[in-house]
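Now for the letters of each chain:
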Protein chains: 2
Amino acid sequence: MGAGLGEGEGEGAAVEEATGYEVGIVVPKLSRAAAAGGGEDCVARLVRELEGAGLLVERVRGVPAEFIKLAAPMGTLGRAAAEMQMKKLTYIGMELQFEWDQVAAFVRQPDGSLFSWRERYCCFRYLIYGIVNKTNSEITLKFDHKEFHWKQNESLLTRLESEGVVKLVFPLHDEIKRKQLLRNWALNWLDFTWQPIDEIYSYFGTKIATYFAFLGMYTRWLFFPAVFGLATQLIDFGSLQWLVLPAFFIFVISWAVFFLQFWKRKNSALLARWGINCSLSEYKNMGNELGSLGDSLTVEEKKFGDVSAEKRNLQRNEWFGVLLRIRNNAIIVLAIICLQLPFELAYAHLYEITETEVMRYLLTAIYLVAIQYYTRIGGKVSVNLIKYENNQGEESSSASLVYKVFGLYFMQSYIGLFYHASLYRDILALRKVLIQRLIVLENLIENSIPYLKYSYKKYIAVHKKKHEKESPSGKSVRLSTRVEKEYLKPSYTASIGAELEDGLFDDFLELTLQFGMIMMFACAFPLIFCFAALNNATEIRADALKLLVMLKRPVPRAAATIGAWLNIFQFLVVMAICTNCLLLVCLYDAEGNWRIEPGLAAILIMEHALLLIKFGFSHFVPEEPAWVKANRVRYVAQAQTVCSKQLLKSISKLDAKLD
Amino acid sequence: MGAGLGEGEGEGAAVEEATGYEVGIVVPKLSRAAAAGGGEDCVARLVRELEGAGLLVERVRGVPAEFIKLAAPMGTLGRAAAEMQMKKLTYIGMELQFEWDQVAAFVRQPDGSLFSWRERYCCFRYLIYGIVNKTNSEITLKFDHKEFHWKQNESLLTRLESEGVVKLVFPLHDEIKRKQLLRNWALNWLDFTWQPIDEIYSYFGTKIATYFAFLGMYTRWLFFPAVFGLATQLIDFGSLQWLVLPAFFIFVISWAVFFLQFWKRKNSALLARWGINCSLSEYKNMGNELGSLGDSLTVEEKKFGDVSAEKRNLQRNEWFGVLLRIRNNAIIVLAIICLQLPFELAYAHLYEITETEVMRYLLTAIYLVAIQYYTRIGGKVSVNLIKYENNQGEESSSASLVYKVFGLYFMQSYIGLFYHASLYRDILALRKVLIQRLIVLENLIENSIPYLKYSYKKYIAVHKKKHEKESPSGKSVRLSTRVEKEYLKPSYTASIGAELEDGLFDDFLELTLQFGMIMMFACAFPLIFCFAALNNATEIRADALKLLVMLKRPVPRAAATIGAWLNIFQFLVVMAICTNCLLLVCLYDAEGNWRIEPGLAAILIMEHALLLIKFGFSHFVPEEPAWVKANRVRYVAQAQTVCSKQLLKSISKLDAKLD
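Labelled according to an unreviewed UniProt entry, chain A appears under the name Anoctamin transmembrane domain-containing protein, originating from Panicum miliaceum. Recorded under Subcellular location (unreviewed entry), the UniProt text for chain A is reproduced unchanged: "Membrane".

Right, here's the structure in full:
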């Protein structure tokens, strides 16, 4: 399927020969009559202004709308970056303001280009949204017989968006690079886990490349427990058979610990290769966070004029934020325990006591519908709660969302399995459910949805066109240009909270739930690692195809680690230790003869709760007071603004000397 | 006792009026005959050269020897710092090479001075060891009829040390500041936990100030569990009595978690106040670490000329280091388990079965002597093992030593207590031992030893003098100058591995063992927190007196966190969770009726082992590959060397603008 699509789109690319056109603007098609009328047409004006800003413009008339494709010479981008005061890594490992005449001081991308895809996209947006009315009077623009005024110093694009003229601004696929990736990566079935990570990075940006690097490494590492798991099933260990499961358990936990540790190493190696200074990008994030804070502070500094008031203010803000976060987490946890847990248990119980298969299917159908709504509501509540947290920076908010939504999914995915495992000691039923979940649910649904959406939209567009034209010549209408096909493709969005996360949220969620499943029930079914390894090997290609063929090119994001998901993986390893112990108890004590004193059980539960406090609660108290951070950020900001030029000159010289 | 000493030394200070004399050099007294002979006297030459280097020199003839006291004008220190290429924090939060003419760019100390005590001491050492023979010929020097040659470009002081002329170079107490600290701090009995941390910092440097800040905060926080512990003993909770101990247990663990987290905040606040940029001092440490590595690399770079060979080399080095560390830790752990554990258990068992008190005392005496030797041998073995680890930087080696030696002491301090608690369920005996250990052993012995040493040395010196003079006038010989009293005082050294650690090792060890004791046996004896709080309140003053009055001024050290000890505190909290659970089992099941299935017990043990693996083993794999670190350090070093001057100028300007 993927191969077929790739070929089909290849024809379109050959017609266009549009390399370097990286951003598209969608405007409605004008009727010829309107175009001929008096007054200046707003789309024509937009094109003129875009050309005036130094961009290369190509207008494409498509079936559903008209498209303005934009490219930019490097000089235009560089000047935009300098105007934006974009911070960029230099050869001394410090991020400084970009200057066009000191280009030699800045670290180049692994593929030799000056700007990364994210930086280019930022520059494009800055350029096209930066077109303002610089004359001293209002300009009257016309669109389809309607007139409106473009006020002084108003952004043209924002105005056109609010008038409904500009429908969408979206990043375009680069046909040459896309083809290359399709060949080397998505359709490269020879080596299952190898991926051209650097090319993925330069095409999709850090966040997506990090996801694929993680997925690849995870799949490679899965090979070891998969082989061990297979061995436990195939080989008869004779009198040592009772030792096999505990040994497998210990192996799997150690494997996970080392895997996550080596992932951290790999991630920092990737960051170094991509010229992202990890410890200094931390500063950058802080800079974003403290941008608004800093503004409010300068006002107050003028008011009070002393440092201690500012410090007190920062401390108050910090603790207020911590309390808010604790409150919100408590709400979510309570909702999960009071609403979701009884529901899940009721379902599991009813499923267990229902006799006929038909009733079971009916029950499952009702459950799936109900849980869909519950999850959607939970996601909305989480997004709203997060808006009232004063999270610092977008990545911090999205981490907060990830934790909350994962809580919902965790309960939903595992509590039923647990119920089967622990209460009924029904290991066989557990195995059946595990296999079902791993194979059926995941890839098929996930990958068919975007294609169906695309087909539907395409059908609508073509159908409408046909209807309009009333088929004068009877020829069939086809979508001929690449850009309109891309416009009709769905974008890479999260199923939940589109403003904070993109489609990576769903991909990571799937990966995490899979990891949780195989780790937490490792002892019940060692063979599960084989299924997971196979599943992931296809997942890499499926996700690659989805991104390259079925979706719009995603908007690049800044984050360069897997962030909150790593903490969730760590948490799942700890959970896996506890659940596998429970499973071992169930397996070795199949008749339920083992007795435990209630006092001892209470003490054991208390011990586990306290270990949770020890390793969990310390996250609530930040290790560095906010005022210390603020001070440091202020110093760095001073360095970046004041000393930038001198520094850049000396770095350029140094660079010349080293070469 | 402390007050008496303080006054006694006050007289000496009034006679001298030597402020700013911060370093002393000890040389033997010359007989008058020798001084009159021909040829140049080496001590006179040394004094002349020191004066030539811009230092202020004062010669003091004391009873046991002659002393050369050194002070320096700020200009001399500044030039030395610039020559040393000392890195110093600037107002933009970056450490740059010091330049005397751009002083305004560098962050000043909280007390307004330019250099911290550690920086001053570094400059002094650079100046006095930097005196070399700059002439073209050897210079013949004479000492007490013996002649020797001072070769070209040889350091005079190193030569004199190897000839046995210079006995010691040591930092001198500053009489005015010492008096002030004695009044405000050591003898300030009004507020028990308040300490003038900034003054301690500017007098003793970061490491000691951090110790006292930690001790003060720990003592203040101990107040809460002490009150709770007292309440559990005094108040009768009636029917809820059985809930008191678990509640206390949960409270204590949460207390410890929050205490350690808030300490991290406090530590970073202290660093910000003292102008130590934490995240950049990390770079500095790396700079030290990689200094030698860098040198070896540049050689190899010339040889191979490509980056990948260097990367491979760094990776090999890194893993070799990790393997060495694992091997060494395995040796220590095996030694502890195979040698120390049986010994400790044998002692505990013999103690328990011995009937008469006399035999018990005898047994304890033998045990104490044996354990002394064992610990000393263990310490020596650890120090030797660490020499073969390629630890990066001194602080990393000392952390490695701390972990190893703490292992020895951990076993020694707690295994006996456990034996009593768990095997004999003898809680009363456990309480008795706990009180004994907390009260008797600690303060008395620790604080009397330095005073006894000092008295003995003083007696020897005076006695010798008397003997030499054959008491011609019969008048008693007294030590009259401060500097000779200081010379006779013991220095602040660790009982173990003097080359890697100073006296703080023993102080922290004591604190850690106390924390372990009160945390791990909290449920057996809640009142123990009161004893610990009282003990620590006196410990602050006792340690202050020891440092101010009884010891030489310690050599300042660079580290600004409590380092490895924090990890040990965290480890003790986790241990405390497990041991208190065991204690609760013993307490609630006094008759030993609770039974546990062997299978369940095995699974529980496995669970705890795996949790240990999860939280412990990840430390063995560094999160950042060595080559990434090396790259970053290289960039920063480039920035610091090449761009230093330009940057400094702009920072000075910026500073002037801000004022």
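Oppositely charged side chains can pair when the atoms bearing their charge come close. Tallied over the entire structure, the rule returns 30 salt bridges over all chains. As a salt-bridge pair, Asp198(A) and Arg273(A) come within 3.3 Å of each other at their nearest N and O atoms. Within this pair, whereas Asp198(A) is found in helix H8 (residues 197–204), its partner Arg273(A) is found in helix H10 (residues 241–273), the two being separated by 75 residues in sequence. On the basis of relative accessibility, which here comes to 28%, the residue Asp198(A) falls in the partly exposed class. Measuring nitrogen to oxygen at the nearest pair gives 2.7 Å for the salt bridge that ties Glu66(B) to Arg59(B). When salt bridges that share partners are traced, they join Glu22(A), Arg120(A) and Arg553(A) into one network.

This part is about the pairing of strand S3 (residues 66–71) of chain A. All names here are of chain A. For S3, a buried count of 6 out of 6 residues is recorded, marking the element as mostly surrounded by other parts of the structure. Burial along S3 is two-sided: Glu66, Ile68 and Leu70 and Phe67, Lys69 and Ala71, pointing in opposite directions, are all buried. Here strand S1 (residues 23–27) runs beside S3; their pairing, made up of 5 bridges, is antiparallel. What sits directly across from Val27, in S3, is Glu66. Bridging between strand S2 (residues 56–61) and S3 involves 6 bridges; their strand directions are antiparallel. When the bridges of S3 are listed, Arg59 appears paired with Ile68.

Residues and elements named next belong to chain A. In this structure, Asn328 sits in helix H12 (residues 307–353). Under the relative-accessibility criterion, Asn328 is labelled buried at 0%. Ignoring sequence-local partners within four residues, the contact set of Asn328 consists of Leu385, Glu389 and Lys404.

Definitions and limits used
- Residues numbered from 1 in each chain as written.
- Chains lettered and ligands numbered in written order.
- Predicted model: local features only at pLDDT ≥ 70, side-chain atom pairs only at ≥ 80, totals over all residues.
- Heavy atoms only, no water.
- UniProt positions renumbered as here; feature names shortened; annotations may be inferred.
- Salt bridge = Lys/Arg side-chain N within 4 Å of Asp/Glu carboxyl O.
- Helix = DSSP H or I, 4+ residues; strand = E, 2+ residues; numbered from the N terminus.
- Buried < 20%, exposed > 50% of the residue type's maximum accessible area, 1.4 Å probe, protein only.
- Pairing = 2+ DSSP bridges.
- Contact = heavy atoms within 4.5 Å.

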